[in-house]
Amino acid sequence: MQLSKDKVEWAYLDRSASLSPESPVIASASQSAADPEARQSRKVALMAALSDGLPTLPAYVFELNSMLAASPVNLKRVGEIIRTDPSLTAQVLRLCNSAFMGFRERVTKIENAVMLVGTERLRTMVLTCSLVEYVGHRVASEDIQSFWQHCFLTAALSERIARAIAYPQPEQAYLAGLLHDIGALPLLVVTSAESKVPADVVTMCGWGESIELEREHFGTDHCEIGRWIGVSWNFFPALLEVMARHHTPREARQDPALVGVVAAADQFCVRRGIMLGAAPPELTEPTGNQDQAIFQTCLPQLKPGEADKLAEMLEADFLHLIQLMEFGASGLFGGGIPKNPFRE
């Protein structure tokens, strides 16, 4: 993927961080302003990544996403499409023949591999294969793992919320939830390449959820970068809006319902410790009326009773997903991608 350097301008959207001003992350950003020269250097590195380094999103992504969300799945057609991409074919076969899957006989046919891998893992692999190759070994494994865990859980819960509120295209909610934070990947790459990084950034501490801290450190934020990536990949306008506005859903105009769904799922995960740079959380419920506050901001059309019911459902779903997801070293396309049991 290439973006001309004259297009990579940092035109900021007037949005605020979803975390409160009292957050330790926000306080850290305001107390220690980033060195202007270092910030400019990081901005230049990000511009270079956007103009030269990011992968091209395969043309088949949207077709396969819809096909794998359907019931029943047309396995023959899915196999035909996958075979057009040698990299994705290799990923699918590699997973099938890995120790994680534990099959006795070697799998060589892509149709058999599709059935064995399962539609949910395959769906995720289709959407993330190019991005995984882009990141490669340039980012610490624990950081990239926490990134994908947050994205996978946000995707699953986004689809769940979409079905609960009768959003007409729940498969698009899954896609938007999975890709809403892709703008953070170039930030991770640039940070990992630095020899000396401030301690509050090295330890991450959820900087991916603090727009202010990102701007302080990088001169831009993951929402703006994600939007530029989406433009270069010819994403449909509603998906671009999710990338740009998932921290400020009330500013959405193209498809406020989709932005609200993903924003609610995103914050639901964040409030439970599933965020960029975070360690695997203890399974504890958030205190106070945090869920109600999330729904009031992201899904204002919900009535109080409906919001309470949705919160209870998501809490049960979240706990179930967390227990299915392995936080160990079994690999991104192994235990790190759980089957979504909430697909209907």
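Residues numbered from 1 in each chain as written. Predicted model: local features only at pLDDT ≥ 70, side-chain atom pairs only at ≥ 80, totals over all residues. Heavy atoms only, no water.

**Some remarks on the overall build of the protein**
Within the protein, the secondary structure is distributed over 17 helices and 0 strands. In the protein, which comprises 344 residues, the share counted as buried stands at 56%. Sequence separation of 24 or more characterises 72% of the internal contacts of the protein that already satisfy a separation of 6 or more. Of the roughly 15,100 Å² of accessible surface on the protein, a fraction of 52% belongs to carbon and sulfur atoms. (Helix = DSSP H or I, 4+ residues; strand = E, 2+ residues; numbered from the N terminus. Buried < 20%, exposed > 50% of the residue type's maximum accessible area, 1.4 Å probe, protein only. Contact = heavy atoms within 4.5 Å. Areas by Shrake-Rupley, 256 points an atom, 1.4 Å probe, with all protein chains shown as cover.)

**Side note on the environment of I322**
Take I322: it is sitting in helix α17 (residues 304-324). Judged by relative accessible area, which is 6%, I322 ranks as buried. Between the C-alpha atoms of I322 and I274, which are 48 residues apart in sequence, the distance is 9.7 Å.

**So, the pattern of salt bridges**
Inspection of every chain in the model, using the stated rule, returns 9 salt bridges. Across the pair R77 and E63 runs a salt bridge whose closest N-O atoms are separated by 3.3 Å. Of this pair, R77 sits in helix α4 (residues 75-82) while E63 is found in helix α3 (residues 61-69), placing the two residues 14 residues apart along the sequence. Classification of R77 by relative accessible area gives partly exposed; the value is 33%. (Salt bridge = Lys/Arg side-chain N within 4 Å of Asp/Glu carboxyl O.)

**Digging into the environment of G183**
Structurally, G183 can be placed in the loop between α9 (170-179) and α10 (184-193). Distance in space between the C-alpha atoms of G183 and G226 is 3.7 Å, their sequence separation being 43 residues.

**A look at the nonpolar core**
Counting 88 residues, the largest nonpolar core has L122, F147, L185, F235, F295 and L299 as its most contacted members. If one sorts the elements of this core by residue count, helix α8 (residues 141-164) sits on top with 11 residues. Not counting residues within four places of it along the chain, the set of residues in contact with F295 comprises A264, P300, A307, L310, A311 and L314. (Core = buried A, V, L, I, M, F, W, Y, C linked by side-chain atoms within 4.5 Å.)

**Points about unusual backbone geometry**
For the bond from S71 to P72, the omega torsion is 5°, close enough to zero to count as cis. Note that P72 resides in the loop between α3 and α4. Even without glycine at this site, A166 takes up a positive phi of about 65°. Within the secondary structure, A166 sits in the loop between α8 and α9. With a phi angle near 60°, N234 is a residue other than glycine that sits in the positive phi range. Checked against the element boundaries, N234 lands in the loop between α13 (222-232) and α14 (237-245). Judged by its relative accessible area of 66%, N234 is exposed.

**Some thoughts on the confidence of the model for the protein**
When pLDDT is averaged along the protein, the result is 75, and 73% of the positions lie at 70 or above. Overall, residues 1-33 carries pLDDT values under 50, and its contacts beyond four positions in sequence, including any with other chains, amount to 76 contacts. With pLDDT under 50 throughout, residues 327-344 is counted as low confidence; its partners more than four residues away or in other chains account for 61 contacts. (pLDDT = per-residue confidence, 0-100.)

**Concerning the packing of aromatic side chains**
Applying the stated criterion across every chain, the model contains 6 aromatic pairs. With centroids separated by 5.8 Å and ring planes inclined at 85°, the aromatic side chains of F62 and F235 adopt a geometry described as edge-to-face. A residue pair is termed long-range when its members are at least 10 positions apart, and F62 in helix α3 and F235 in the loop between α13 and α14 qualify at 173 residues. Given a relative accessible area of 5%, F235 falls into the buried group. Ring geometry for W233 versus F235: centroids 5.6 Å apart, planes at 65°, classification edge-to-face. Accessibility classification places W233 together with F235 in one group, the buried group. Taken together, the aromatic side chains of F62, W233, F235 and F236 make up a single cluster linked through ring pairs. One residue, R272, lies across the ring of F268, its end atom 3.5 Å from the ring centre. (Phe/Tyr/Trp six-rings, centres within 6.5 Å; stacked < 30°, edge-to-face > 60°. Lys NZ or Arg CZ within 6 Å of the ring centre and 35° of its normal.)

**Digging into the packing of α10 against α13**
Interaxial distance between α10 and α13 falls to 8 Å at its minimum, and their mutual angle equals 115°. Relative to α13, α10 is oriented roughly perpendicular. Residues A184, P186 and L187 of α10 form the contact with α13, whose own contacting residues are H222, I225 and I229. The class makeup of the residues in the contact of α10 with α13 is 5 nonpolar, 1 polar and no charged. (Axes fitted to C-alpha atoms, helices over the stretch in contact; angles between N-to-C directions. Parallel < 35°, antiparallel > 145°, perpendicular 65-115°, else oblique. Nonpolar A, V, L, I, M, F, W, Y, C, P; charged D, E, K, R; others polar.)

**A few points about helix α15 (residues 256-270)**
Turn by turn, an α-helix covers 3.6 residues, leaving residues three or four places apart pointing in a common direction. Between its first and last C-alpha, α15 extends 21 Å over 15 residues, near the 21 Å set by a 1.5 Å rise per residue. Within α15, 13 of the 15 residues are buried, which leaves it mostly tucked inside the rest of the structure. (Expected span 1.5 Å × (residues − 1).)

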